Amino acid sequence: QVQLVESGGGLVQAGGSLRLSCAASGRTFSSYTMGWFRQVPGKEREFVAVISRSGGITNYADYVKGRFTISRDNAKNTIYLQMNSLKPEDTAVYYCAAGLYPGATTTQRYDYWGQGTQVTVSS
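Here's what I pulled together on the structure shown here. Everything quoted here is computed from the prediction, not taken from an experiment. (Residues numbered from 1 in each chain as written. Predicted model: local features only at pLDDT ≥ 70, side-chain atom pairs only at ≥ 80, totals over all residues. Heavy atoms only, no water.)

## Brief notes about the side chain of Ser-52
The following threshold applies: Strands are runs of DSSP state E lasting at least two residues, helices are runs of H or I lasting at least four, and both sets are numbered from the N terminus onward. Two N or O atoms form a polar contact when they lie within 3.5 Å of each other; inside protein one atom must be a possible hydrogen donor and the other a possible acceptor, and for residues adjacent in sequence the pair counts only when both atoms belong to side chains. Pairs of residues are marked as contacts when any of their non-hydrogen atoms sit within 4.5 Å.
Within the secondary structure layout, Ser-52 lies in the loop between β5 (46–51) and β6 (58–60). Among the polar contacts listed, one links the side chain of Ser-52 to the backbone nitrogen of Gly-56, at a separation of 3.2 Å. Leaving out residues up to four positions away in the same chain, Ser-52 has contacts with Ile-57 and Arg-72.

## A short note on the pattern of salt bridges
Filter applied, for reference: When a carboxyl oxygen of Asp or Glu lies within 4 Å of a side-chain nitrogen of Lys or Arg, that pair is called a salt bridge. Relative accessible area decides the class of each residue, using a 1.4 Å probe on protein chains only: under 20% of the type maximum gives buried, over 50% gives exposed, and in between gives partly exposed.
Overall, the coordinates contain four salt bridges when judged by the stated rule. Asp-62 is paired through a salt bridge with Lys-65; the nearest N and O atoms lie 3.3 Å apart. Judged by its relative accessible area of 47%, Lys-65 falls in the partly exposed class. For Asp-90, the salt bridge is made with Arg-67, and the minimal N-O distance between the two is 2.7 Å. Taken together, the positions of Asp-90 in the loop between β8 (78–83) and β9 (92–99) and Arg-67 in the loop between β6 and β7 (68–73) put the pair 23 residues apart, joining distant regions of the chain.

## Observations regarding the sheet that holds strand β3 (residues 18–24)
For clarity, the cut-off: Following DSSP output, two strands are said to pair if at least two bridges run between them. Axis definition: a line fit to C-alpha positions, over the contact stretch in the case of helices; interaxial angles, taken between N-to-C directions, run 0 to 180 degrees.
Ordered in space as β1-β3-β8-β7, the four strands form an open sheet in which the pairing is antiparallel. The sheet is open, and its two borders are formed by β1 (4–7) and β7, each paired with just one other strand. For this sheet, the mean angle separating the axes of adjacent strands, direction not counted, is 15°. Across six bridges, β3 lies against β8 in antiparallel orientation. By the bridge assignment, Ala-23 is partnered in β8 with Thr-78.

Given below as structure tokens:
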């Protein structure tokens, strides 16, 4: 069982930056592929970024590539999402997730989810 808690969301102007954190419980954190997803009302949850168990491999959705960076600290049971050059279309609830499929980009491949943190980017 893994429990995930996101933090770091908020209101920021376009062009600004935010850093999201996701703290995980449990001693097996390093066994999980970790991902970030986001969702706006009325739309499906969409993939943002994924990081391998060791942190050595990452992958991003095209719409955030070059602007967002995913990282993890297995000693702290935490992953991060550094978001730079934010755009109004990045406004969403951001979720972190844990799963066992390497490189997974679909929600079905993840077993545990956090409660989400709101990110609002004003124009």
